Amino acid sequence: MVVEVMTTHGLSQRRACGLIGITRRTFRRAPGEDRNGLLRQRLRELAEERRRWGCPLLYLMLRREGWQANHKRVERLYREEGLSLRRRRRRKRLSHLRAMRAQPVAANQTWAVDFIHDSLFNGRRFRAFAVLDEWSRESLAIEVDVSLTGERITRVLERLSIERGLPRVIQADNGPELRGRVLDQWAYEHEVKLQFIAPGKPSQNAYIESFNARLREECLNEQVFLSLDDARRKIESWRHAYNRERPHSSLGNLTPEEFAAKNQMSSAAARTAWPATDQELAGAAQRAPASDPKPDRFTATLRACEGWPEKLVIKMNQTAADTKLPMGYPKG
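Participant: Outline the packing of aromatic side chains, listing residues and values.
Facilitator: One pass over the full model with this rule turns up six aromatic pairs. Ring geometry for Trp135 against Phe259: centres 5.0 Å apart, planes inclined by 50 degrees, an arrangement best described as tilted. With Trp135 in the loop between β2 (125–133) and β3 (139–145) and Phe259 in helix α12 (residues 256–262), this residue pair connects regions lying 124 residues apart in the sequence. Considered together, Trp135 and Phe259 belong to a single accessibility category, that of buried residues. Linked through ring pairs, Phe211, Trp238 and Tyr242 together constitute an aromatic cluster. A cation over a ring is seen here: Arg127 above Phe115, with NZ or CZ 4.3 Å from the ring centre. Above the plane of the ring of Phe196 lies Arg179, whose end atom (NZ or CZ) is 3.9 Å from the centre.

Participant: Which residues make up unusual backbone geometry, and what values do they have?
Facilitator: Of note, Asn108 is a non-glycine position whose phi angle comes to about 60 degrees, a positive value. Inspection of the secondary structure assignment puts Asn108 in the loop between α6 (71–80) and β1 (110–119). Notably, Glu191 is not glycine yet its phi reads approximately 55 degrees, a positive angle. Inspection of the secondary structure assignment puts Glu191 in the loop between α9 (181–189) and β5 (193–196). Judged by its relative accessible area of 70%, Glu191 falls in the exposed class.

Participant: If you had to explain the confidence of the model for the chain to someone new, which residues and values would you point to?
Facilitator: In the predicted model, the chain carries a mean pLDDT of 80, and 75% of its residues have values of at least 70. Every residue in residues 276–306 scores below 50 in pLDDT, and together they form 13 contacts with partners more than four places removed in sequence or on other chains. Long-range and interchain partners of residues 323–332, a stretch whose pLDDT sits below 50, account for 17 contacts in this model, where long-range means more than four residues apart.

Participant: Got a sec to walk through the environment of Leu85? Specific residues and values, please.
Facilitator: Tracing the backbone through its elements, the reader meets Leu85 in the loop between α6 and β1. On the basis of relative accessibility, which here comes to 31%, the residue Leu85 falls in the partly exposed class. Remark: the alpha-carbon pair of Leu85 and Gly54, spanning 31 residues in sequence, is separated by 6.7 Å. In this view, Leu85 contacts Arg51, Arg52, Trp53, Gly54 and Tyr78; residues no more than four positions away in its chain are not counted.

Participant: A description of the sheet that holds β1 should follow, citing residues and the corresponding values.
Facilitator: By way of backbone hydrogen bonds, the strands of a sheet pair with one another, either parallel or antiparallel. Reading across from one edge, β3-β2-β1-β4-β5 is the order of the five strands in this open sheet, with mixed pairing throughout. A strand with exactly one partner marks an edge of an open sheet, and here the two such strands are β3 and β5. Each adjacent strand pair in this sheet contributes to an overall mean axis angle of 25 degrees, direction not counted. The pairing of β1 with β2 spans nine bridges and is antiparallel. Counted as the bridge partner of His117 is Arg127 from β2. Against the sheet, helix α10 (residues 206–220) engages β1, β2 and β3, with an angle of about 35 degrees to β1. On the sheet, helix α11 (residues 228–244) packs against β2 and β3 and is oriented at approximately 170 degrees with respect to β3.

Participant: Quick one: what's the story with α6, residue by residue and with numbers?
Facilitator: For α6, every residue scored as buried is listed here: Arg73, Val74, Leu77 and Tyr78. Considered in projection along α6, the buried side chains sweep an arc of 135 degrees and stay on one side of the axis. Pointing more than 90 degrees away from the buried face of α6 are the exposed residues Lys72 and Arg79. Where α6 is buried, its residues contact α4 (37–49) and α5 (55–64). Immediately beyond the C-terminal end of α6, within one or two residues, lies Gly82, with a positive phi of roughly 65 degrees.

Conventions adopted
Residues numbered from 1 in each chain as written. Predicted model: local features only at pLDDT ≥ 70, side-chain atom pairs only at ≥ 80, totals over all residues. Heavy atoms only, no water. Phe/Tyr/Trp six-rings, centres within 6.5 Å; stacked < 30°, edge-to-face > 60°. Helix = DSSP H or I, 4+ residues; strand = E, 2+ residues; numbered from the N terminus. Buried < 20%, exposed > 50% of the residue type's maximum accessible area, 1.4 Å probe, protein only. Lys NZ or Arg CZ within 6 Å of the ring centre and 35° of its normal. pLDDT = per-residue confidence, 0-100. Contact = heavy atoms within 4.5 Å. Pairing = 2+ DSSP bridges. Axes fitted to C-alpha atoms, helices over the stretch in contact; angles between N-to-C directions. Arc of directions from axis to C-beta.

This is the structure in structure tokens:
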């Protein structure tokens, strides 16, 4: 600013500094080296690699790499570099009270599935079938193809059953591929419960909807797919990075794989405490001793007074009925 005033109005350095309000010593002082230069450079590189990640996620990545900087310093540099994301989301208001369903407490208790659509470079549409473990937020599979029928979905689930076992519940929407006979027969044969959300209520399958939003923002909107094989390769690469590199605040700022490995022992113990199935409850009911659902007063009195003479018990019941005293207690 001093140089601009000097060149524009033809003033001396002393006069220009006096008009602006700074000393000539301050004007002549050479700027110091930016001690945040390396941090700025790394922050820009991460922001370029993860273009849909905000400051909190970038800060966690820097801490994981060993940078000794608090969140206020990173936020200041983030704003100075102009990396802020502008994203407006419509605020959703509750129209009624929502019933909260039971949350999974171990792996392979509840899987969430859904479809997402996109197109290739030439305009050809394709679909992606995503499978998510609701407990660890792990992306188990993303099947990409032009057409995904019920038979194709069952093959994906069969492959996952070999790799990590089957879930107790599969949460899904009301699509024709998920409501069809093929998946229903497969679930019946493998003793897996299909749990469908209410029509027009995607919020009841919130975990997979949130995952689809991340997949859309961080992968589908950022990549150009030249062919179907190219789409499969890029989406699978993003899925591995999602499981191994992307931290989640709901998981204690751990990645899905780190969270699953850390809580592996507690997951095995909690899996045994999951609510019993219908077959288990039926077996317990058969093993339970038979009891009188509605015993009469005489039977209850006999049980309470077991070992007493029969004539004395009958006389006590008659006396209690006449004087409105509890059964089994003599008058007076």
